[in-house]
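This is what each chain is made of:
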Amino acid sequence: MVIKSKNQKVLLFSGLAVFLLVIGIFIYQSYYKKNTELGDGNKEELNEQQEETAKNEENEDKEVADNIKIPEPDNLKCSIEDFAIKLSWSTPASGDNLTYKIYKKSENEEEFKKIAENIENTEYHDKTETDPYLNYSYYVTAKNSNSESDPSEAVTCKIHTEVNYKNPSLKISFLQRIFSIKKALAANTAGCVQPSPSFNPNKLVSDVDFINTSSMSVSGIQKFLETNNSVLADINPKRLCGTKTTACTNTKTAAQLIYEAAVLRASGQSVGINAGAILVTLQKEQSLITKTSWLDNCSAGSSCPYPTLQYALDWAMGYSVYEEDGTRIEELKGFKQQLLGVPGSWWGAPRSLRNNYNLGRGPNGYYLGDSFVLSNTTGYYCVPSSQRVKPTTKATMSLYRYTPHVFNGNYNFWYYWNKWKSWFPYQATSIWNFISSGSGITSKSKPYTTTTWNYSKSKFASGDVNGDGREDLVALYNYGTAKTGIWVFIKTDTGYTAQKWWESNAWNWSSTNLQVGDTNNDGKDDIVLSYKYSLKKMSIW
């Protein structure tokens, strides 16, 4: 190329400079990118190494933590509080963020069972089912998020404490020695069990509780039996007749028979007792509620000796078994007969108890208000061989006639009644009158109350059923097992008078609606029931 002018030279040098600048930039960028990529790669590799190192350190820390053994709880002790066993222990060394597990077994069990966990405090009040006459052993373990300690030293406890009276205190007065200790210790020189200081032999149970026949349903009784692991919860109904199973026609469960005995009626009147009182008697007489280990080598219909399960079933209420000579009324042999009796011949135990309640009758011709002396069984409790009582309730009189001792039988009744009474609560139903002024309530009164009526089993309506110008109350009542009744509460000057007007053993209460009105225009309100047979069929009665 021939450069002809000065301007062409300048242009040539300018272009060359730009070309060299572009080449420089390209080379720089390539070099920078390569080194950056190498740097990023080193950085990622370094991060991975750091993460791996941290992970290894974490695993090592965890492994070390797992290998650190938590010391077991120390100084485990027990005490008796509120009719239950209370445990306490000391926090183990290095005991940060610990919770505790509680294990328990009775003297009749071979293995411990866990009864509680995630306990944050160093004490535990055992409210699980506990027989007051058995020894129970416990141990405790500590736990954190990683591991559980070895068991603590076990401790053994019993609700009833034993007292040894071999060496009575010298501070006891001469008269106390003569009139109290001599009798109390006659058969108990080797130690005995101290009864509860809360026990009042003059009031084993209140009257309203004893005849509260609506306290439990069939399902409530069944749940009670299952919760207490009672053998009655799933006993074969064919073993409840007192005969060979092949000859037994019973198909009802133990819970159903107990319920029927509780709500039994005769001549329109209640002749049963609280289902809870029946359950407690089954426990008091034969341990049929809490005992889980039975000799069962005797079949139904045989002459089964005590203490086989069949014997306990056959004489479940201890009814018609006489202490003096051991004779028994064989017709009342069988769980069903013990509860419901023999039609046309013998009452069952609950009805007999209710009859003596109604009469206020106790043993040996004594009645409510009398004071009398009863003997005691002195081989277990720290009690005199006899003691004087003056019962304050008809229920207590009835129980002493049934079992003429304070100890052990009636003390055991009292104990188990109070232990389980939340299962069979007192129920009362009242009628209240609120007097209207037309713009408010001027006064109120409670003219009628019953303790044998379950409100949840009632349907109510009001009307003047006797034409006296005053509103009466009508109730449709569900007795259960397809039995339904109509009760009328007639208004009087002083309150209400209850009368049962109708009853059926084949009427579904839940399929019925209750109405009251004068259907024939005679001035007296009639009772109308609408009954649902199916989805599209109903009748008016």
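It should be noted that the structure appears before, not after, this text.
Just so it is clear, the model here is predicted, and its values are computed rather than measured.

S.K.: How would you summarise the packing of aromatic side chains if you had to cite specific residues and measurements?
M.R.: Counted under the stated rule, the structure contains 25 aromatic pairs. Pairing Phe199 with Trp414 gives two aromatic rings, centres 5.2 Å apart and planes at 65°, and the pair type is edge-to-face. In this pair, Phe199 sits in the loop between β9 (192-193) and α3 (207-210) while Trp414 sits in helix α11 (residues 406-420), placing the two residues 215 residues apart along the sequence. Accessibility expressed as a relative area gives 12% for Phe199, which makes it buried. For the pair Tyr411 and Trp414, a centre-to-centre distance of 5.6 Å together with 35° between the ring planes defines the contact as tilted. Of this pair, Tyr411 and Trp414 both sit in helix α11, three residues apart, which is roughly one turn of the helix. Like Tyr411, the residue Trp414 is buried in the burial classification. An aromatic cluster is built from Phe199, Tyr380, Tyr381, Phe407, Tyr411 and Trp414, whose rings are joined through pairwise contacts. Seen from the ring of Trp509, Lys459 lies directly overhead, with NZ or CZ sitting 4.4 Å from the centre. Lying across the ring of Tyr533, Lys537 places its NZ or CZ 5.1 Å from the centre.

S.K.: Go over the packing of helix α6 (residues 275-286) against α11 with me, naming the residues and quoting the values.
M.R.: Remark: α6 packs on α11, axes separated minimally by 9 Å, with the N-to-C direction vectors making an angle of 130°. Considering their axes alone, α6 and α11 lie oblique with respect to each other. The two elements α6 and α11 cross, and the hand of that crossing is right-handed. On the side of α6, the interface is formed by Gly276, Ala277, Val280, Thr281, Gln283 and Lys284, while α11 contributes Gly409, Asn410, Phe413, Tyr416, Trp417 and Trp420. Residue composition of the contact of α6 with α11, grouped by class: six nonpolar, five polar and one charged.

S.K.: How would you sum up the pairing of strand β17 (residues 472-480)? Please name residues and give values.
M.R.: On a regular strand, one side chain projects to one face of the sheet and the next to the other, so that they alternate. Where burial is concerned, most of β17 is hidden: nine out of the nine residues are buried. Burial of the side chains of β17 extends over both faces: Asp472, Val474, Leu476, Asn478 and Gly480 are buried on one face and Leu473, Ala475, Tyr477 and Tyr479 on the other. Note: strand β16 (residues 458-463) against β17, six bridges, orientation antiparallel. The residue of β17 that forms the bridge with Ser458 is Tyr477. Pairing analysis gives seven bridges linking β17 to strand β18 (residues 483-491), with the strands arranged antiparallel. Bridge pairing in β18 links Leu473 to Phe489.

The rules behind these values
Residues numbered from 1 in each chain as written. Predicted model: local features only at pLDDT ≥ 70, side-chain atom pairs only at ≥ 80, totals over all residues. Heavy atoms only, no water. Phe/Tyr/Trp six-rings, centres within 6.5 Å; stacked < 30°, edge-to-face > 60°. Helix = DSSP H or I, 4+ residues; strand = E, 2+ residues; numbered from the N terminus. Buried < 20%, exposed > 50% of the residue type's maximum accessible area, 1.4 Å probe, protein only. Lys NZ or Arg CZ within 6 Å of the ring centre and 35° of its normal. Axes fitted to C-alpha atoms, helices over the stretch in contact; angles between N-to-C directions. Parallel < 35°, antiparallel > 145°, perpendicular 65-115°, else oblique. Left-handed = near helix turned anticlockwise from the far one by under 90°. Contact = heavy atoms within 4.5 Å. Nonpolar A, V, L, I, M, F, W, Y, C, P; charged D, E, K, R; others polar. Pairing = 2+ DSSP bridges.

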